[in-house]
Amino acid sequence: MTEAVQTRPGGRSARVRAAVHRAVEESLATEPGDALTIPAVAARAGVHPTTVYRRWGSVAQLLADVATSRFSGDIVVPDSGSLAGDLERWMGDVATDLADPDVLALMRATIGSGPEGGCACTADRHDQLRAIIEREQARGGKVPSLERALDTLLGPLYYRAIFSARPASSAWARGLVATLLATT
């Protein structure tokens, strides 16, 4: 995993971080991911390249920080009272998020930047799925293993989003839930 970037909660550090993150997202929305460089991000953010190098060190670390920030807490873990209901709503939300062209550009660039890139894009989703499964287990329900749920739900969804020209629809993603629960 990528080391967390230490910043103060406000002031100049927060403004620089926000400006650099915004510059990365804007760059990825208009240019191919392999065109992203620290000097280009710094210029777009209005900071000196040394500032970016000092805080992030490399494009891979910068992308991982932007992805971690982007994919943390953006989707609420539902509590419908049933595992099927929770998973269907959650999968629909994740599919909608992954259909966003800006999200896809960030994911593809981050994954392409190095081995930690995939973790930065999926860690929060793993935590969300774990929370859904653990809550159902606490209710006394029958649950799949986290690994099986990840493979059955997120594997196909992320594969389609990243490697296919047609992202998954919410309905298709919810259908994966039925597949998972039919064999649980």
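Before reading on, note that the structure itself is shown above.
None of the values given here were measured: they were computed from a predicted structure.

J.: Can you lay out the nonpolar core for me, pointing to particular residues and giving the numbers?
T.: Residues Val20, Met91, Leu153 and Leu157 are the most contacted members of the largest nonpolar core, which totals 51 residues. Top contributing element to this core by residue count: helix 8 (residues 146–163), with eight residues. Sequence-distant contacts of valine 20, that is, excluding residues within four places in its chain, are made with Val41, Ala45, Val47, Val52, Trp56 and Leu62.

J.: Kindly report on the packing of aromatic side chains, identifying the contributing residues and their values.
T.: Two aromatic rings, taken as a pair, are described by how far apart their centres are and by the angle between their planes. Taken as a whole and judged by the stated rule, the model has one aromatic pair. Each ring, one from tyrosine 159 and one from phenylalanine 163, has its centre 5.3 Å from the other, and the planes form 40 degrees; the classification is tilted. Within this pair, tyrosine 159 and its partner phenylalanine 163 are both found in helix 8, separated by four residues, close to a single helical turn. For the pair formed by tyrosine 159 and phenylalanine 163, the shared burial category is exposed.

J.: Which residues make up the packing of helix 5 (residues 83–98) against helix 7 (residues 117–138), and what values do they have?
T.: At a minimum axis distance of 10 Å, the contact between helix 5 and helix 7 shows a crossing angle of 170 degrees. With respect to each other, helix 5 and helix 7 are oriented roughly antiparallel. Facing helix 5, whose interface residues are Leu83, Asp86, Leu87, Trp90, Val94 and Asp97, helix 7 presents Arg125, Gln128, Leu129, Ile132, Arg135 and Glu136. Residue composition of the contact of helix 5 with helix 7, by class: six nonpolar, one polar and five charged.

Reading the values: the criteria
- Residues numbered from 1 in each chain as written.
- Predicted model: local features only at pLDDT ≥ 70, side-chain atom pairs only at ≥ 80, totals over all residues.
- Heavy atoms only, no water.
- Core = buried A, V, L, I, M, F, W, Y, C linked by side-chain atoms within 4.5 Å.
- Buried < 20%, exposed > 50% of the residue type's maximum accessible area, 1.4 Å probe, protein only.
- Helix = DSSP H or I, 4+ residues; strand = E, 2+ residues; numbered from the N terminus.
- Contact = heavy atoms within 4.5 Å.
- Phe/Tyr/Trp six-rings, centres within 6.5 Å; stacked < 30°, edge-to-face > 60°.
- Axes fitted to C-alpha atoms, helices over the stretch in contact; angles between N-to-C directions.
- Parallel < 35°, antiparallel > 145°, perpendicular 65-115°, else oblique.
- Nonpolar A, V, L, I, M, F, W, Y, C, P; charged D, E, K, R; others polar.

This is a description of form; function is not addressed.
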